[in-house]
Structures are given as C-alpha cells and as structure tokens.
Amino acid sequence: MTLQETMTIKASSERRLRKFNPGTFQSDAEVIDQFVVRKRELDIVLEVLHGNVDTPSCQHVLLVAPRGHGKTMLLARVAAELRNDPALSTRLFPVRFMEESQEIFNLADFWLESLGFLATDTAARHPDISQQLRDTHAELTARWHDSNIEERAFAAVREAADRLDTKLVLMVENLQALSGATDGDFGRRLRNALRSAPQIMLLATATSRFSGLDDATQPFFELFRIVRLNPLDTEECRRLWQMVSGDPVSRRAIRPLEILTGGNPRLLVIVAAFARHRSLRQLTEELVTLIDDHTEYFRGHMDVLAKTERRVYLAVIDLWQPSSTGEIAARARMDVRAVSTMLGRLVDRGLVQFEGTGRKRLYSAAERLYCIYYKLRRQRDEAALVTVLLRFMAMFYLAREQNEPAWELSSGTRLAEGPSRALTEASDLGRASSSPFTGERTEDMPENAHVSDAPDRQAEVRSGREVVTGLAATLQEQVAQALVSKGLAQAQVDAPAAMAAYDAVVTRFSAAKALALQELVALALVHKGFIQGEIGEFVAAITTYDEIVARYAAARAPALRKIVARALVYKGLMQGQIGEPGAAITTYDEFVIRFDESEAPALQELVAMVLVHKGVTQGQIGEFTAAIAAYEEVVARYADADRPALQKHAAKALVSKGEAQVTIGRAEEALDACDELERRFGRSTDDEGIPFEWHAKCVRTAARLVQGERVAAMDSFRLVYSGLVSDDEAMMHALVERVPDLIAAGAPPRDLAAILLNDPEKAATLQPLVIALRQLAGDRVRAPAEVVDVAHDVRAHIEERKPVSAKAGPA
C-alpha cells in the first residue's frame, strides 16, 4: 500500500459511516465515497436500470439479504447514481421510502406514501412540482374515506412522472414485511398497477427469498429480477474495514472479523468503530466487551419476536451449529410441527438460514454474533467456549502474522521494538548531548556555573559568542528530539504524519555536524523505513535503509553503528518481502562482514541472529545444504558462549538444522541434531518461553515419519502433546505450525486427531485443528459456523505444505 493510499484511507475514515439509515442527511458525494463494497451488485442494478430507460415495460428488481447486509446502502448508492449520471438523471427519478413503512396498510396508503416521498425528493430541483405534489397529498389524505382514494393517488403519481418526463424508481424496503402487514389483496393489485404504468419501476428489498416469490399462485411470482447480496468476502471486509477504521489491514488479519461477523457489513462497521486505535489482536480479545456494550442492539432484535418464535430462535442460537428440526424442537421443548412452522417464519424474517432439502434440512442463525452474544449471556461454561475460540483465532491469524524469525533481536527482545523503546532512545540521545559551554555533559554542570569571569572585554565577547552558539546547538537538538518523539507518538495512529515528522528531522538537520544531531537524523531514518515496511512500501523502505548505510557506514559512534546494523537487517527483511531472497542473503553476508569482529554484545547477538535467518532464507529457496552449513556455523560459534543470549541462537540453529535435514530426507542426522539439542539446551527456553526439548520432540516426530517408523512417530507426538500447555498461546501456535510438516512427512491425519482427542480438555482449545484433521481424514463434522470456517483455513494451511519427497534436495 502506498503512502497516498494510506492518507486516503485516513481521510475517508474521518467521515463517519452510517450503521443505520445510510444516505439520510448525507450528500451524494459522501455516499459514493463510502460505498466500497457491493460494486458487483450495483453494476447489476444499474444494468437493469439502463435497460428500463427506453423499454415499454419495466423490469423490477428485488434485493435479498438478511438485515445489515447493505441493502439500504445499495439503494442510497443507486439513488446517488441516478441523480449524478448524465445518461440516467434525466430519464429516471429515484423515490426513496423509509426503511420501515409502518403507515402502509393497503395499496391506497402505498400510493399516498409514494406521493409524499416524491414531493420531498423533487423539492431541490423542481420546487413548483414539489409544492403541487404536497398540496395534492394533503388533499387526498384528508379524503381518506373516499372509495376512489386508491385510484386518485395512483393517478397523481403517474401524472407526476409525466410532468417530470421521467420514469419513477420507487425504492421500497422490507417488501416481505410490507406484504404481511397489508390487506390480502395488496400484492395482486400492486402487480396489476405496475403492469399498467410503464413509467413506474419498483426497486425493493427483502430480508429473505420469501415463499411468495416462488409460488406460481402468488402475485409476486416472477415479477422481480432477484439480486442476492451474499456475505462480504475477505477482500470486501478488508476494504470496508479500512474505510471505517482508517487502518490498513491485511487479508489474513481481517479474516477473524469476517468469520465472527459472517461478512455482515453492519456488524463489521460496529466492530470497526469500536476498534479505532486498537490492534486487531486487542479487538479480538475485547470482543466480549464490544458485545456487552451493544446488548440493547442484540436484545432488541429478539424482543420484537412473538413469544413462540423467540423460543424457537433461542433454541437455534443456543445449539450454535446447523441443526435439524427435531434437534431444535428437543432444545425448545416444543412439538416438531409447531417448530417447523416457526422456523419457516424465522427464515422469512431473515433471522434463520438453512442448508439441504427435505428431512436433511439443517437450520442455523443467519447472524453469527447473536449466537456468541447468547452464549456470553448464559452460563460461565458456555462463555468459556467462546473465549477459547477467540483465543485460537487470535493465535492462528494474528500471532506474529508475518512469522518472521529475524524480527527477534536476542533473548526476549524484538528488533522492531516499536515506539516505546525508540522514544527512550531519542530521549537518551538528547540527555547524552554535551554542554555547549564546556564540552562536558550538561548534567555534570554545576548549578551556578558562570560562563566567564575574565575581566578582559575581548574574552567576554568570545565567551558570549560561545554562549549563543551553545544555546543554538542545544535548541537544535531539542527541536530534533521533539520531532523524533512526535513521529514515534504518531506512528501507531497516523503513519503519514509520523513520516512527515521524520522527514522534517532529516531535511533540517542532516547537514549538522554535531554527533547528537546525526544520531537523531539516523534514528528518524530508521523509523521512517520501519513505517514504510509496515504499510507495505517495501522498496521505499529498502531505499531508506540504503541511505542510512551510505551516510553512516564509516561512523564509529556506537549509537550510529547500532542504527546501521538495524538498517541492514531491516533491509534484508524487506528484500525477502519483495521476493528477492538472493539479495537478502547478500545483505546478511554484508552485515556479518561489517560487524563480525564487534565486541559490543548487542551486535554480537545480531550477528548470530542474522546467520540463523540467512539459513532460513536459504531453506526457503531450496538451498538446504547451504542452510544447514549456516546453522552449523552458528552452533560452532556460540554453543559454548559465555552469554545465554548467544547460546539461545545456537539452540535455535539446531532446531532449524534438524527441520532442514528432515525436509531433505536426512532423518538420521536430524535425530542426531535433536539429541544434541536436548543434551546442550534441553532445559532452556526459546524467546516465547517454549522449552527447546519440546522442539526436539517435534523434530524427532517428523524424523521418525521420514524413516517410516509410524508407531514410534506417533509415540513421539504423544510426548509432544503431553508437554503442550493449553493456555500457552506460543506453544499452541507452534503446534499448529508443526502439524502441517508432520502430515507432509507422512503422519495420518486421523491418527493425529485421535491423539489430540485423548485429552478432551486440551482438544477443546484446539477444536478448529481437530476438525481440520478429521475433515482431512474424510469425516463429516458438524460444528458452529465460526469454528468450521477457522477449520477450513487451518486445513488450507495444512494442504499448502508439499510432501517431504517433493522437496528432497542434495544430501
């Protein structure tokens, strides 16, 4: 994503997107700007409208989708198009009804409402016609008891169309509810009226494909071109999220919210508004708070249901998975026939959906968050099921989304530690600046030190100049430090503004010779490059890091050398992101050449980390022999080091070495690596707190599979699973990442699932993984839609891995 795109997203998010009644008191420009999804459906409707312009009869359209899926927004967007498209604005005139037509009880009311809304909508462009329509509406409303009121109101609408010399597009919402609330002859008489009035088109919405649409005896049969609004897909959710929150987001990161909201635009807007200035991980973890804050929204939809309908609906959402009529009846403690009738009504309302036909039909809630809301409001044990699912989703989709091991600096320390550490660095640089008066550190200056006690006038002038120069230098450092601090503070909420602050530091102070200013310029550049990488401007980030190296490669100051080191590592990461692993390996080699002899502990740890990641990168392009050599170099250098941080890199190298050996079929050597790992570092832990002996067991399981020792491999996997701490997210993530490799090495999914299910408590925390394994084994599994969707993604993750035999390389 470019900087310009990021700025556009931020600007758009400042204009609040409506969750309800979109288009009301909004300009056409706002509606068009905020319409970022449903473009395919918009094109379909506009195609029909264009076709209606010159035809003797109109094709009517019905938009079908559950509540909150964007029907009203689509109508608002169509109305904006009709008012602004030169080819349509003089031929078609939009007349928008209210979302709930509560005052329509018969066809006479319908035409009177049409007349009233037409008077309102013509006011801006045709004030004279608007006033006449208002007068006619008032006159007819006062004569409501006349027997010919319906005919007169209908004639007034047609006459208005003729006077405007356009066709009217009546935009009517909730047609199925309107039909149910009016007299029994409403549908037939409306159909006949539309047939006789080619200047009137109906663009309506409904929450479901109600039965009258498919019954040849009913008036709406084959009257409409039906356009179904499906749930938003991942890309559409991503675009809508960016519009509302102003935050760029990847497809993978938005996937949990797509699953939890079921692709419902309204719910996604609610969640996005709640998520402002929260990370997606925080949002996922705080979803319970969000649902609690919107209790009235969820409860309100249930309270409008009749008692029996509500009882059946509660049974559906409590079961929380596709269920048969019999299962729902048992849960509701009601007769099956009565439940079947209520389910039909709930389907018509758009609250319940079904799959299958006949007796195999299974029902579930159309809106997923209602199930989660209900579970959270019931019992503690049932709320725990939701919490476990949310934790798994946060782990699978959001935990170290990029999964780049090179982002680790040393034991427990991230290379990209974010604004908090950098802010400390900036203030440290400022405190380290020398006194402009004596060259000593400011903090060591006596409180009452005099600038000059010399009686000599010339000495006084010289001293005064030094004071002025010193004050100017101090002021420059303070300004530079303030700009860097400003950028760091803005980095999490406004990337363009943060980069502007960093650019200001570089522009104003890059020519300065003072070391403190040069350090602040270098710091601004490295954090600018980091932000560029965060928003996807990888090439620009590489250019920024090259600038740092070019400026400060020869510097001897420890702070500048550290920044150059960071720039080179970041550059290698960015090169990997743009698909240039060879260039990344060259950058890592350059890093090692520059800093291999350094005695600074932090740089020594970076050298060890870079060597490990060089091996990882080599493995990614199939150079496993070279990768293994890189890992062996790390082990040889640092396994016996006197610092635990360096030893930890040697342990990581042994893990990666064993994995690479398994990948190319050198199983016996991989087992030797496991033995060495356990002997040297078994009781130590990695940066996530996972014991290295647990990693050794994982690699040993894969090695046994490559050797064809299935029984021994499954015994080893049991040890892996017994060592899993179910509330340790890092271990859960590691296990989910290991399973695809085990299957690629030959592990039967059914055997893995059986081992997981032997411990029901742990298995409950890994339910999507268990379901994915069972599905791979050929089982049909029923579970909540959210869990099934996550399991689908886990299964896709597993299937992406190729069998070990397909990856075999040179020995």
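Predicted model, so just to flag it, every value in this text is computed and none were measured.

**Q** I'd like a description of the nonpolar core, backed by residues and values.
**A** Nonpolar side chains in soluble globular proteins generally cluster together in the buried interior. Ranked by size, the top nonpolar core spans 185 residues in total, and within it F392 and L769 carry the most contacts. For L769, the contacting residues outside a window of four places in its chain are F392, V736, V739, L756, V794 and I798.

**Q** Account for the pairing of strand β6 (residues 352-355), naming residues and giving values.
**A** Here β6 runs beside strand β7 (residues 362-365); their pairing, made up of four bridges, is antiparallel. Pairing of Q353 across the sheet is with S364, part of β7. A loop of six residues connects β6 with β7, the two strands running antiparallel in sequence, and G356 in this loop sits at a positive phi of about 85°.

**Q** Help me get a handle on the pairing of strand β2 (residues 92-96), residues and values and all.
**A** On a regular strand, each side chain points to the face opposite its neighbour's, so the side chains alternate between the two faces of the sheet. Among the five residues that make up β2, five are buried, leaving the element largely enclosed by the rest of the structure. The side-chain alternation of β2 yields two buried faces, one formed by L92, P94 and R96 and the other by F93 and V95. Inspection of the sheet shows β2 paired to strand β3 (residues 167-172) by five bridges, in the parallel sense. Residue P94 lies in a different strand from β3, and its bridge partner there is V169.

**Q** Would you mind going over the confidence of the model for the protein chain in detail, with residue names and values included?
**A** Considering every residue of the protein chain, the mean pLDDT works out to 84; 85% of them sit at 70 or more. Considering only residues more than four positions removed or in separate chains, one finds that residues 402-455, a stretch of pLDDT under 50, has 105 contacts. Low pLDDT (under 50) marks residues 804-811, which in the prediction has 18 contacts with non-local residues, meaning those over four places away or in another chain.

**Q** Lay out the environment of E597 with the relevant residues and their values.
**A** Along the chain, the position of E597 falls in the loop between α28 (581-595) and α29 (601-620). The class for E597 is exposed, based on a relative accessible area of 70%. Expressed as a C-alpha distance, the spacing of E597 and V607, which sit 10 residues apart in the sequence, is 9.6 Å.

**Q** Lay out helix α11 (residues 234-245) in plain terms, naming residues and giving numbers.
**A** Taking 1.5 Å per residue, 12 residues should reach 16 Å; α11 reaches 16 Å between its end C-alpha atoms and fits that length. With 10 of its 12 residues buried, α11 lies for the most part within the structure. Turning to α11, its buried residues number three or more, namely T234, E236, C237, R238, L240, W241, Q242, M243, V244 and S245. Looking at where α11 begins, the residue whose side-chain oxygen comes 3.2 Å from the main-chain nitrogen of E235 is D233. Taken from the residues just after α11, G246 is the one with a positive phi, measuring 80°.

**Q** If you had to explain the pattern of salt bridges to someone new, which residues and values would you point to?
**A** Under the counting rule described, the total for this entry stands at 43 salt bridges. The salt bridge involving R38 is made with E41; its shortest N-O contact spans 3.5 Å. A salt bridge links R368 to D789; its shortest N-O distance comes to 2.7 Å. One end of the pair, R368, is in helix α20 (residues 368-377); the other, D789, is in helix α39 (residues 785-800), and 421 residues separate them in sequence. What emerges from the salt-bridge pattern is a single network uniting E235, R238, R239 and R251.

Each value, and the rule that gives it
- Residues numbered from 1 in each chain as written.
- Predicted model: local features only at pLDDT ≥ 70, side-chain atom pairs only at ≥ 80, totals over all residues.
- Heavy atoms only, no water.
- Core = buried A, V, L, I, M, F, W, Y, C linked by side-chain atoms within 4.5 Å.
- Buried < 20%, exposed > 50% of the residue type's maximum accessible area, 1.4 Å probe, protein only.
- Contact = heavy atoms within 4.5 Å.
- Pairing = 2+ DSSP bridges.
- Helix = DSSP H or I, 4+ residues; strand = E, 2+ residues; numbered from the N terminus.
- pLDDT = per-residue confidence, 0-100.
- Expected span 1.5 Å × (residues − 1).
- Polar contact = N/O pair within 3.5 Å; in protein donor to acceptor, adjacent residues only side chain to side chain.
- Salt bridge = Lys/Arg side-chain N within 4 Å of Asp/Glu carboxyl O.

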